[in-house]
Amino acid sequence: MSLPSAAPAFALPPSLPELAAVDFKPPKGERVVLDNGMVVYLMRDNTLPVVHMTAYIRTGKLNDPLEKIGLGELTAGLLKDGGTLKYRPDEIDKTLEFLAASVDTHIGIEEARADLTSLKKDLDTVLDIYAEVLMRPAFSPDKVNLRRTETLEMIRRRNDNPGRAAVREALRSFYGPAHPYGWRSEEATVKAVTIEDMRAYHANYYRPNNIILAVAGDFASYEEMIAKLKAKFGAWPRGKVKFPVIPPVQIRDKRQVFHMEKDIAQAYIVILQKGLKRHDPLEYPLTVTNEILGGGLSSRLASEIRSRQGLAYTVYSYSAKKPDLGYSLAYCGTNPATTARALTEMLRQYALLTREACPAEEVARARDSIVNSFVFRFPTPFELITERASFEYYGYTADYLDNYVENIARTDSKSVLETSQNLFKPEDAMIFVIGNSKKFDKPLSGFGPVTELKED
Amino acid sequence: MKKTTKSSPHKAPCGTGAGKSVPGSPSTETDPKYPPVVSYTLKNGLKLLILEKNFVPTVSFTMLFKVGNVDGQQGKTGLAHLFEHMAFKGTQTINSADYSREKVALDSVEEAAKELIAEESSETPDLKRAQGLRNKLAEAEKEADKLIVKDEYLKLYTALGENGLNAMTSTDYTGYVVSLPSNRLMAWMAIESDRFKNPVLREFYRERSVVMEERRMGEADPGRLMWETLISNAFTAHPYRNPTIGWMDDITRLTRTDAEEFYRTFYVPNNATLSVVGDVNSSEVIKLAEKYFGDWKYRELPARTYTKEPPQRAEKLVNLFFKAQPAVRMGFKNPGMNHPDIYPLIMASEVLTNGKTGRFYRNLVEGRQLALYAAAGASTPGNRYPSLFVIVSAPNAPHTVEELDAAIMAEVKKLETEPPTQWELDKILNNYQAEMIKQLESNSGLGMSLAQNEQLMGDWRYDWKAGEELKKVKPGDISRAAAKYLTRDNRTVVFLKAPAGKKKDGLKNQSPQEHR
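Treat the numbers as computed from the prediction; the structure is a model and nothing was measured. (Residues numbered from 1 in each chain as written. Chains lettered and ligands numbered in written order. Predicted model: local features only at pLDDT ≥ 70, side-chain atom pairs only at ≥ 80, totals over all residues.)

K.L.:
So what's going on with the overall build of chain B? Which residues, and what values?
P.N.:
On a plain count of helices and strands, chain B comes out with 18 helices and 12 strands. A globule of 516 residues ought to have a C-alpha radius of gyration of about 24 Å, and chain B, at 25 Å, matches this closely. Considering only C-alpha atoms, chain B reaches an extent of 70 × 65 × 40 Å along its principal axes. Each of the 516 residues in chain B was classed as buried or not, and the buried ones make up 53%. Contacts in chain B between residues far apart in sequence, at least 24 positions, make up 80% of those at least 6 positions apart. (Helix = DSSP H or I, 4+ residues; strand = E, 2+ residues; numbered from the N terminus. Rg over C-alpha atoms; globule rule 2.2 N^0.38 Å. Buried ≥ 20, exposed ≤ 12 C-beta atoms within 10 Å, placed from the backbone. Contact = placed C-beta atoms within 7 Å.)

K.L.:
Which residues make up the overall build of chain A, and what are the values?
P.N.:
On a plain count of helices and strands, chain A comes out with 15 helices and 12 strands. Since a compact globule built from 456 residues should have a radius of gyration of about 23 Å, the 24 Å found for chain A is in line with a globular shape. Judged by the C-alpha coordinates and their principal axes, chain A covers about 65 × 60 × 40 Å. Look at the contacts in chain A between residues 6 or more apart in sequence, and 80% of them connect residues 24 or more apart.

K.L.:
An account of unusual backbone geometry is needed here, citing residue identities and associated values.
P.N.:
Note the cis peptide between Thr-380 of chain B and Pro-381 of chain B, where omega equals 5°. Mapped onto the elements, Pro-381 of chain B comes out in the loop between strand 10 (371–380) and strand 11 (388–395). Cis peptide bonds are those with omega within 30 degrees of zero, and the linkage from Ala-397 of chain B to Pro-398 of chain B qualifies with 5°. You can see Pro-398 of chain B is positioned in the loop between strand 11 and helix 13 (401–417). Not every positive phi belongs to a glycine, and Phe-139 of chain A is a case in point at roughly 50°. On the secondary structure map, Phe-139 of chain A appears in the loop between helix 3 (123–135) and helix 4 (141–156).

K.L.:
Describe the interface of chain A and chain B, listing the residues and the values that go with them.
P.N.:
Each partner contributes residues to the interface: chain A has 59 residues there, and chain B has 60 residues. For the side of chain A that touches chain B, the secondary-structure elements that each account for two or more residues are helix 2 (89–98), helix 4, helix 10 (300–308), strand 9 (312–320), strand 10 (327–334) and helix 12 (360–372) of chain A. The biggest single contributor to the side of chain A that touches chain B is helix 4 of chain A, with five residues. When the residues that make up the side of chain A that touches chain B are grouped by side-chain class, the tally is 29 nonpolar, 17 polar and 13 charged. (Nonpolar A, V, L, I, M, F, W, Y, C, P; charged D, E, K, R; others polar.)

K.L.:
For the sheet that holds strand 5 (residues 163–169) of chain B, give the residues involved together with the corresponding values.
P.N.:
Residues and elements named next belong to chain B. What the seven strands build is an open sheet, ordered 1-2-3-7-4-6-5; its pairing is mixed. Since the sheet does not close on itself, it has two edges, and those belong to strand 1 (27–28) and strand 5, each with one partner. Sheet topology places strand 5 next to strand 6 (residues 174–181); five bridges connect them, and they run antiparallel. When the sheet's bridge partners are listed, Thr-169 is paired in strand 6 with Thr-174. (Pairing = 2+ DSSP bridges.)

K.L.:
Please give an account of the domain arrangement of chain A that cites residues and values.
P.N.:
Residue and element names in this part refer to chain A. As far as domains go, chain A holds domain 1 (30–233) and domain 2 (256–453). When each unit is reduced to the centre of its C-alpha atoms, the spacing between domain 1 and domain 2 is 30 Å. With 23 residues of domain 1 at the contact, the number on the domain 2 side is 24 residues. Those elements that provide at least two residues to the side of domain 1 that touches domain 2 are strand 2 (39–44), strand 3 (50–57), helix 5 (162–175) and strand 6 (211–217). (Domains from an automatic or database assignment.)

K.L.:
Give me the sheet that holds strand 7 (residues 256–261) of chain A: which residues, what numbers.
P.N.:
All names here are of chain A. The six strands lie next to each other as 9-10-8-11-7-12, forming an open sheet whose pairing is mixed. Edge positions in the sheet fall to strand 9 and strand 12 (450–453), since each has one partner strand and no second. Shown here is a sheet whose adjacent strand axes are inclined to one another by a mean of 15°, direction ignored. This element, helix 11 (residues 339–355), spans strand 8 (267–274), strand 9, strand 10 and strand 11 (430–435) of the sheet and lies at about 25° to strand 8. (Axes fitted to C-alpha atoms, helices over the stretch in contact; angles between N-to-C directions.)

K.L.:
An account of the pairing of strand 1 (residues 30–33) of chain A is needed here, citing residue identities and associated values.
P.N.:
Residue and element names in this part refer to chain A. In this sheet, strand 2 lies alongside strand 1 in antiparallel orientation, the contact comprising four bridges. Its bridge partner being in strand 2, Glu-30 is matched across the sheet by Leu-42. As consecutive antiparallel partners, strand 1 and strand 2 are separated by five residues, and within that stretch Gly-37 has a phi angle of approximately 95°, a positive value.

K.L.:
Residues and numbers for the nonpolar core, please.
P.N.:
Judged by nonpolar contacts, the single largest core of 276 residues is most densely connected at Val-126, Tyr-130, Leu-213, Ile-269 and Val-270 of chain A together with Met-347 of chain B. Top element by residues in this core is helix 3 of chain A. It accounts for nine residues. When residues of this core are assigned to domains, at least three fall in each of domain 1 (30–233) and domain 2 (256–453) of chain A. With residues up to four places along the chain from it excluded, the contact list for Tyr-130 of chain A reads Val-103, Ala-114 and Leu-116 of chain A. (Core = buried A, V, L, I, M, F, W, Y, C linked by C-beta atoms within 7 Å.)

K.L.:
Break down the pairing of strand 7 (residues 272–278) of chain B for me, with residues and values.
P.N.:
Residues and elements named next belong to chain B. Here strand 7 lies mainly inside the structure; seven of its seven residues are buried. Relative to strand 7, strand 3 (residues 47–52) runs parallel, the two sharing six bridges. The partner of Leu-49 across the bridge, within strand 7, is Ser-275. Both strand 4 (residues 58–65) and strand 7 contribute to a ladder of seven bridges, which runs antiparallel. Bridged to Phe-61 within strand 7 is Val-276.

K.L.:
Account for the packing of helix 12 of chain A against helix 14 (residues 400–409) of chain A, naming residues and giving values.
P.N.:
Residues and elements named next belong to chain A. Close contact between helix 12 and helix 14 brings their axes to 9 Å; oriented N to C, the two are set at 170°. Comparing their axes, helix 14 and helix 12 come out roughly antiparallel. In contact with Arg-367, Ile-370 and Val-371 of helix 12, helix 14 contributes Val-405, Ile-408 and Ala-409. (Parallel < 35°, antiparallel > 145°, perpendicular 65-115°, else oblique.)

K.L.:
Describe the environment of Gly-435 of chain A, listing the residues and the values that go with them.
P.N.:
Residues and elements named next belong to chain A. Tracing the backbone through its elements, the reader meets Gly-435 in strand 11. Separated by 201 residues in sequence, Gly-435 and Gly-234 place their C-alpha atoms 55 Å apart. Setting aside residues no more than four positions away along its own chain, Gly-435 makes contact with Lys-262, Ile-264, Ala-267, Tyr-268, Pro-336 and Thr-339.

K.L.:
Got a sec to walk through the packing of helix 1 (residues 79–86) of chain B against helix 6 (residues 204–219) of chain B? Specific residues and values, please.
P.N.:
To describe two helices that pack against each other, one gives the angle between their axes and the distance between the axes. All names here are of chain B. Viewed as axis vectors pointing N to C, helix 1 and helix 6 meet at an angle of 120°, and their least axial separation amounts to 10 Å. Classified by the angle their axes make, helix 1 and helix 6 are oblique. For the pair helix 1 and helix 6, the sense of crossing is right-handed. For the pair helix 1 and helix 6, contact is made by His-81, Leu-82, His-85 and Met-86 and by Phe-204, Glu-207, Arg-208, Val-210 and Val-211, respectively. Among the residues making up the contact of helix 1 with helix 6, the classes are represented as five nonpolar, two polar and two charged. (Left-handed = near helix turned anticlockwise from the far one by under 90°.)

This is how it looks when you write it as structure tokens:
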């Protein structure tokens, strides 16, 4: 797609050559639907003797029952590790590892996945294991216990990295500990999960009509690969999938400050504000706005807080879309003695975006950055076809990817200002800080009513 | 699963000096064992490696210098890394409104900074004078700011559509990477040749503060703290003992003058390899490299003889008290990547670690359920000099680090009493070969690997050649290498433990309830 805006509007030093636009149309690949409802995306690529697959299974940690948070994660992890009706766990490990192949099953907040990588010569063996893992897991009790032990140990260790803990705990305070967007698994909820729960979870969600599969790599033809997939998955019956009702998000539009006391070398600051529901067309100007605010080393947050003032190594912002209200987040790690200074500057940068229109040149640069680096979303055929599958999974229109660049290119100073005014209210933003308050340059109470939390 | 020789961070294996290209004549690899890399060396010694790949119109660049923290002086640790940060601050034409005037302003900044550092470093610093000098430095910086075009270098790349613009410093090397749409080839050549020929280290003291924050971030992270503790305790004399980011006290005394001296010494074309992987034409790359980098001056490099690490004579056990869950890091001195024993040691690390069928997982994670994880790597923190065979692990509560350590050492001992089976070795070799194929998928990853192997180890084909060496290793070789190197008096162990508090012994402290 050649766009006028895709050639940098930025004034280049005189010694630099003229720059052309980036012209790249992502290839389509093939899409077929098997009789049992499984959607399959394919892209042939014979450059290397390797085949990759990934399946999107429509579920996620957000579908866990409140008293059994961790059910989805245990189930997903054990599909492979717990063996299948046909293969014992150690047979799976031995076969895959000897062939240098992999089958991995895991889960995120809004998606469950199953990945396969195999050398072309071993595909039939590996694909048979992959299909068994998806369709007929056995949940061997030894492996269930092992996975539970690991999960409990990970819970014990969840605060070891304070930067990561800050983001997780900030979201927990933002959405509330009982809402799926904010919750975390606990010792009690993990212990409450039984093997029967996992079987029922698998039987409900792991159904062909609830799966989108992406396949890329070295196969002879689409017909051949589709025939292979039909042979493995064709007899898998459809199921009626029941989804829980996720309670609506409730966000308190009023300044709150949360502090977690911890004597460590840096303080970690997270600012959270209400974001967008997925498919809101405001996502385009918001993406550009975030690029300007905290998208890279030349963004406003990095330029001011890092390069000009030397207050941080890590400082950034981003926005996350959700089925219900997502969030905008800004993050900074700083010397405890400059906590208030860094926080004040972060809030000031949000306020600035709502008060003054960004210079056209700055908007153009942010747009160019997104448009010109678009091609990096597809470094390999597998990543391209996975991206296409994921857009269908997340309910975007079929041409979303193809129109993305045009939609970003439409953003201008006016839409950045309107979007900022619409979404950013820094005076009401939630603030979350982990750090040693005795060393802070100013007390957090200067930013609003403080709730003290204990690390747990 | 990583290639065996890449099992520790920031590293490439070393090797023989075979396969060098002659200046002025490009050579294309035609042996089907290897990818068809085009090699070319400029007259000034800059080495080029080019691989054409055409799925998407992008290209990945890696400019890699054989200079790392190991080449810094004692008292100036962290200089290699700080220079790497400074290499994003522009040149005489980029980031500058008027360099001739800016130069004068920068010299005033440098003078003020040196005065301040001298005062702060004196035995009896005068606090009032120091504050006055701090204000003077701030004033001088403000003047210099007026002549800066803020972040122009970064903004150029933002607009060009960069992906993964970054740099990394290890104890062995410094690498500068970026991927761009492939029609930016000439722009990259123009910007980067200016960057490495004419860097201006403006905003030095602010960037030094950024690095101090980077160091503080590491001090808050038990993982990084354990590595620093292990490495600085394991080495007594060799400069590998110094953390790449530098000791905080050294960082506070580094000056722009130090960094410029460091640049003049090590940033020369005959100390660098440039790899270009992606949708490019190799003869065009060579033509442009000649045009833009051809006049970069060759300079002799200093001899790099550093104090050899003396043989270790005692087991070193270190208790690191930190408020985090318990963990173990240990390192055994290895003989270096040029020693033939390194191949059985690499195989030993894989026998222990490779997958769920690896011995650590089978026996420590699954069998006895002592460990949350356990892994080994044959060479950390570097490959240019003898380094460490490392093992990392953490216990599942309520097991203690001491119990875990005993179990790890028993597994290590078993390498002698129960030599690896042929199945274990074949599995490792299969994985190595598959990894050699899969590494060709990523332009940036492959570019980094080619540049590291060429520049540090003398041959971009090193990974393939090391694979041949690994095939020759027999089970008995692994047992012998384990018996020789993986011994108590050759090791350093760090136990991460929660601060003792009021508890009497370590065992109580490990129980999970203590940390809730």
